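Chain residues, written in single-letter form:
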Amino acid sequence: MPVYLVTAVDWKNASSYVYHLEQPLFQLPPKVAIEDGSVYLDAKGRFHAIFHSGLNGIQTYSADGTNWTFGGTAWDNDVAFLNGQNYSFHRRERPHFVFGDASNPHRITALTTAVTYGDDGMSDACYTLLQ
């Protein structure tokens, strides 16, 4: 799914939203679809966005919030746990970054994703993973 720019005079007033559908914000590689976007600003005022894409997480970035660059894969479904075990989840969705350092509020502390497990991919059992 392509991602388009939306601007507003007042983000609280949905009637002020302007949808810029002339072209997507960035070009996705063939056969890549994304969803579940999350945007944040780093300490230098640059924009970053993460998305769920099939078996991977995708990252994009922008200096001005208007011109975006596709950054590629940010994570996959393989997770290494502190006890030394690894697990390959069937799916990792709805990514969000956690910012928990009060002395450095733009520093990413963790990534949360909803994860599903099981070999058949048919299970809807899931939980939130904090990595």
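Residues numbered from 1 in each chain as written. Predicted model: local features only at pLDDT ≥ 70, side-chain atom pairs only at ≥ 80, totals over all residues. Heavy atoms only, no water.

Remarks on the sheet that holds strand β6 (residues 68–75)
If you walk across this open sheet you meet the four strands as β3-β4-β5-β6, and the pairing is antiparallel. Two strands in the sheet have a free side with no partner beyond their single neighbour: β3 (35–41) and β6. When the angles between neighbouring strand axes are averaged without regard to direction, this sheet yields 25 degrees. Examined bridge by bridge, β3 and strand β4 (residues 47–53) share five bridges and lie antiparallel to one another. Across the sheet, residue Y40 finds its bridge partner in β4, namely H48. (Pairing = 2+ DSSP bridges. Helix = DSSP H or I, 4+ residues; strand = E, 2+ residues; numbered from the N terminus. Axes fitted to C-alpha atoms, helices over the stretch in contact; angles between N-to-C directions.)

Things to note about the layout of surface pockets
Taken as a whole, the largest pocket holds about 290 Å³ of empty space. If you go around the largest pocket, you meet 19 residues; those closest to its centre are V3, Y4, L25, V39 and W68. Contributing elements (two or more residues each) for the lining of the largest pocket: β1 (5–8), β3 and β4. Of the residues belonging to the lining of the largest pocket, the class tally is 14 nonpolar, four polar and one charged. (1 Å grid on protein atoms, 1.4 Å probe; cavity = no way out; pocket = protein on both sides within 12 Å on 5 of 7 lines; lining within 4 Å. Points joined across faces, edges and corners; volume = space filled by probe spheres on them. Nonpolar A, V, L, I, M, F, W, Y, C, P; charged D, E, K, R; others polar.)

Details of the pairing of strand β10 (residues 110–116)
Most of β10 is tucked away, with seven of its seven residues classed as buried. Covered by surrounding structure in β10 are A110, T112, A114 and T116 together with L111, T113 and V115, the residues of both alternating faces. Relative to strand β11 (residues 126–130), β10 runs antiparallel, the two sharing five bridges. Of the residues in β11, the one forming a bridge with A114 is T128. (Buried < 20%, exposed > 50% of the residue type's maximum accessible area, 1.4 Å probe, protein only.)

Side note on the nonpolar core
By size, the foremost hydrophobic cluster in this structure holds eight residues: L5, L25, F26, I34, A49, F51, I58 and W68. Apart from the residues within four sequence positions on either side, I58 is in contact with I34, A49, I50, F51, S53, F70, G72, T73 and A74. (Core = buried A, V, L, I, M, F, W, Y, C linked by side-chain atoms within 4.5 Å. Contact = heavy atoms within 4.5 Å.)

A short note on the pattern of salt bridges
Per the counting criterion, the structure on display carries three salt bridges. Here R46 makes a salt bridge to D42, at a shortest N to O gap of 2.7 Å. Residues R91 and E93 are paired through a salt bridge, measuring 2.2 Å at the closest nitrogen-oxygen approach. Take E93: its relative accessible area is 15%, and that puts it in the buried class. (Salt bridge = Lys/Arg side-chain N within 4 Å of Asp/Glu carboxyl O.)

Some words on the pairing of strand β5 (residues 56–62)
Of the strand pairs in this sheet, β4 and β5 are connected by seven bridges, and their pairing is antiparallel. Bridge pairing links F47 to S62 in β5. In this antiparallel pair of consecutive strands, β4 and β5, the connection spans two residues, and G54 shows a positive phi of 60 degrees. Joining the antiparallel neighbours β5 and β6 is a turn of five residues, in which G65 adopts a positive phi near 85 degrees.

Some thoughts on the confidence of the model for the chain
Confidence along the chain averages 89 in pLDDT terms, with 95% of residues attaining 70 or more. When pLDDT is averaged over each element of the chain, strand β2 (residues 17–20) comes out on top at 94 and β11 at the bottom at 89. (pLDDT = per-residue confidence, 0-100.)

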